[in-house]
Amino acid sequence: MVAAPAYQDPAPAAAAKLLDFGGVSHAFRLEEHPLPVLEDITFQVEPGEFLGLLGPSGCGKSTLLRLVAGLEPPLRGEIRWGADPIQGPDPSRVVVFQDPTLYPWRRVWDNVALGLEAQGLLKTHRPRVDETLSLVGLSKFAKAYPHQLSGGMAQRVALARALVNDPELLILDEPLGKLDSLTRISMQGEIVRLWQKKGFTALLVTHDIEEALLMCTRVIVFSERPARIKADIAIDKAYPRHRDDPKLVALRREILGLLGLESTW
Amino acid sequence: MPALTATLCNDPEETADLLVPCGRPIRRARLTTLVLAQLAASVWFAQAWITYFLPDQGDFGRAPEFAIASAVLAAALTAAGLASLWHEGIAQRVRHFSPWLLASGLFVAAWEALTAKTGILPLPFFPPPHGLLEVYADDYARLLESVIASLRLELLGFAFGAFFGFLIGVGLGWSRSFGYWVHPVMRFIGPLPSIAWLPIAFFVFPSSFSASIFLIGLTTGFPVAVLTWSGVSSVNSAYYDVARTLGANPRFLILKVAIPAALPHVFVGLFMGLGASFAVLVTAEMMGVKAGLGFYLQWAQGWGAYANMYAALAVMALMCSGLITLLFKIRGRVLSYQKEEVKW
């Protein structure tokens, strides 16, 4: 356990906002011809949910996350975050990308402090950075440069860089996609633990059905591009889960079927 | 010395560093070092002898002093060679420098013999090494003054060019409307050799000094602007996404993301600009500025003082190399997060 911090901890961001997709469509403009990627997506994410988004490669899941992050506006439809439509990025909705994208010229500590610095909060919130680093178990690497870290450590720094802002919505865009399988398994548990502790809402895009089943409270399965919702599956199962749990195995087979891969093992 | 070789072998890393296997070969390596050092020393003794005892054909002073300096160097080498039998640190240094000292001794001795002693290379045009020493000993005040004048002009011009080149590069990389106006101008003017401006600059500017600062700045600014521009526009767009989702405003994106990410490119531009600016510096000093090493060279040629020319040329080489070294030192400091790349 970490010693109690000397400053006043802001109340844990118990996510109270509903994330509401209303008829969202989006397209890429490729050589004049628009390429539709999302078609009339409507669903809601309850506060505190851990929602997994599954679908064939290139179906537009990551685009959906960019829209939620406010990095791009949707072509049609609206995404509401609480009462307000999303119109731009906001530190209450933070993304962890597939690549850690740490700034190589900043030490680990300064990478984690990035958000607080950008919001002008660093002076008053310095202990938060130390605390978040110890939360992901990297206190000893505060002074290291990114090129000195392993892939798993770098991704943990990226996670800390997101969590230090106390987000209400954590957007995970295949954050474990490039890690080796052992690091991956341990980080799946770690993220779930952080989610339980902090109480944020989480959106996870992944290609790995097993990962979604182990981590999420609910999974949405998308079709081929342009993405439409094929299924919306609640996973009512206590943590920690086991990958050979018969219920999860059955769900895995069902989702494989939805993705057109039922004949595989 | 069995004890010594034994301790060395206990440390595999150190033995690996020395690139010599354990046991007898280490002693053999030290004997080789000793022989090499004595060889270099004897070459420098020979050079001292040639300088001191053979009669000069010209009237250069400082031959005895040069001979004594050579002899002192030779004696020091002898001592260091002997000391390296007992001390590994000295041995390493001696091993490193001996080949160069041997070669340079041969070169200086040949230079001495071919010029002042035999006149095979005709004399006024090819002064002996102690002729250069004479210049340094007798004319150091004026040389120093010239170095200071050159450094002042170079650094002012370089700072001016680097500053504006950097700003223009950031502007080009960041703002489309800035690019619309500035890019065509830069494409038109940038590739023009700055020297071409020289005749115009000398009458447009109030003094040849300010004209030269402008020319050096122009020479430096162009590569700095182009590389800063390319650095800023090649920043990984994911870096911006990360900062934007964390609440960064445009000011933060420029100062804390774009510029630090572009710095490695900027330093390439500074290096290219610095190298190119030396040519303009010397030309400007030869053509109009009445101070500096370029002016000194020109002046020495006018008097037929060839020894002074070679002496000034050597100082100029040291100065330019020193400035590049300084730039690499600053780069190493600023980009310390990178793994070591080229060492200057």
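Residue numbers here run from 1 along each chain, matching the order of that chain's written sequence. Here chains are named by letter from A upward and ligands by number from 1 upward, in the order in which they appear as written. It should be noted that, the model being predicted, local features are given only for residues of pLDDT at least 70 and side-chain atom pairs only at 80 or more, the latter also being counted only at that level, while totals for whole chains, interfaces and linings use all residues.

1. Topic: the overall build of chain A
Then comes step 1: Elements are defined by DSSP. Helices are runs of H or I of four residues or more, strands are runs of E of two residues or more, and each kind is numbered from the N terminus. Looking only at helices and strands, chain A has eight helices and ten strands in total.
Then comes step 2: We take the radius of gyration over the C-alpha atoms and set the globule estimate at 2.2 Å times the residue count to the 0.38 power. For a compact globule of 265 residues, the expected C-alpha radius of gyration is about 18 Å, and chain A comes in at 19 Å, within 12% of that figure.
Then comes step 3: Viewed in the frame of its principal axes, chain A has a C-alpha envelope of about 50 × 45 × 35 Å.
Then comes step 4: Counting other C-beta atoms within 10 Å of a residue's C-beta gives its exposure: the residue is buried at 20 or more, exposed at 12 or fewer, and partly exposed in between, where C-beta atoms are placed from the backbone. Taking all 265 residues of chain A together, the buried fraction comes to 40%.
Then comes step 5: When contacts within chain A are restricted to residue pairs at least 6 apart in sequence, long-range pairs at least 24 apart make up 71% of them. We call two residues in contact when their backbone-placed C-beta atoms lie within 7 Å.

2. Description of the environment of Q38 of chain B
Residues and elements named next belong to chain B.
Then comes step 1: Secondary-structure assignment places Q38 in helix 3 (residues 24–53).
Then comes step 2: Between the C-alpha atoms of Q38 and A79, which are 41 residues apart in sequence, the distance is 9.0 Å.
Then comes step 3: Setting aside residues no more than four positions away along its own chain, Q38 makes contact with T78 and G81.

3. Some words on the interface of chain B and chain A
Reports often express the size of an interface as the amount of accessible area lost when the parts come together.
Then comes step 1: Each side of the interface is counted separately: chain B has 14 residues, and chain A has 20 residues.
Then comes step 2: Listing elements by their share of the side of chain B that touches chain A, those giving two or more residues are helix 11 (237–245) and helix 12 (250–287) of chain B.
Then comes step 3: With seven residues, helix 11 of chain B is the single largest residue contributor to the side of chain B that touches chain A.
Then comes step 4: Residues are sorted three ways: Asp, Glu, Lys and Arg are charged, Ala, Val, Leu, Ile, Met, Phe, Trp, Tyr, Cys and Pro are nonpolar, and all the rest, Gly among them, are polar. Taken together, the residues of the side of chain B that touches chain A sort by class into nine nonpolar, two polar and three charged.

4. Here we look at the confidence of the model for chain B
All names here are of chain B.
Then comes step 1: A residue's pLDDT is simply how confident the predictor is in it, with values from 0 to 100. Chain-level pLDDT for chain B is 87 on average; 90% of the residues reach the 70-or-more range.
Then comes step 2: Here residues 1–22 is modelled with pLDDT under 50, and outside its nearest four sequence neighbours on either side it reaches 14 contacts, counting other chains as well.
Then comes step 3: With pTM at 0.82, the complex prediction returns an ipTM value of 0.86.

5. What to know about the environment of P129 of chain B
Residues and elements named next belong to chain B.
Then comes step 1: Here P129 is to be found in helix 6 (residues 129–138).
Then comes step 2: P129 gets classed as buried once you count the C-beta atoms within 10 Å, which come to 23.
Then comes step 3: Once the C-alpha coordinates of P129 and T51 are considered, the two residues, 78 residues apart in sequence, prove to be 9.4 Å apart.
Then comes step 4: Among residues more than four places away in sequence, those in contact with P129 are F66, V108, W111 and E112.

6. Topic: the environment of A231 of chain A
All names here are of chain A.
Then comes step 1: Mapped onto the secondary structure, A231 falls in strand 10 (residues 229–234).
Then comes step 2: According to the C-beta neighbour criterion, A231 is partly exposed, with 15 such atoms within 10 Å.
Then comes step 3: Sequence-distant contacts of A231, defined by excluding residues within four places in its chain, comprise V221 and L258.

7. A short note on the sheet that holds strand 6 (residues 93–96) of chain A
All names here are of chain A.
Then comes step 1: Here, any two strands with at least 2 DSSP bridges between them count as paired. Strand order in this open sheet of six strands is 6-7-8-3-9-10, and the pairing throughout is mixed. The two strands at the open ends of the sheet, each matched to only one other strand, are strand 6 and strand 10. In this sheet, adjacent strand axes meet at a mean angle of 15° when their direction is disregarded.
Then comes step 2: With four bridges joining them, strand 3 (residues 50–54) and strand 8 (residues 201–205) adopt parallel strand pairing. When the bridges of strand 8 are listed, L53 appears paired with V205. Only the stretch in contact is used when fitting a helix axis, every axis being a line fitted to C-alpha atoms; angles between N-to-C directions are given from 0 to 180 degrees.

8. Here's the deal with helix 5 (residues 88–117) of chain B
Residue and element names in this part refer to chain B.
Then comes step 1: Any helix carries an expected span of 1.5 Å times its number of residues minus one. Its 30 residues place the ends of helix 5 40 Å apart at the C-alpha level, agreeing with the 44 Å of an ideal helix rising 1.5 Å per residue.
Then comes step 2: In this scheme, the bend at a residue equals the angle between the axes fitted to the seven residues that finish there and the seven that begin there. F97 marks the point of greatest bend in helix 5, at about 40°, and the proline P99 comes within the next four residues.
Then comes step 3: Among the residues making up helix 5, those that are buried are A91, V94, S98, L101, G105, V108, A109, E112, T115 and A116.
Then comes step 4: After helix 5 finishes, the residue G119 shows a positive phi value of roughly 75°.

9. Observations regarding helix 5 (residues 151–163) of chain A
Residue and element names in this part refer to chain A.
Then comes step 1: For helix 5, built from 13 residues, the straight-helix expectation of 18 Å at 1.5 Å per residue is met to within 8% by its first-to-last C-alpha distance of 18 Å.
Then comes step 2: Summarising burial for helix 5: ten of the 13 residues are buried, a large majority.
Then comes step 3: Restricting attention to buried positions, one finds in helix 5 the residues A154, Q155, R156, V157, A158, L159, A160, R161, A162 and L163.
Then comes step 4: In the core, the buried residues of helix 5 are packed alongside strand 6, helix 2 (108–112), helix 3 (114–118), helix 4 (122–135), strand 7 (169–173) and helix 6 (181–198).

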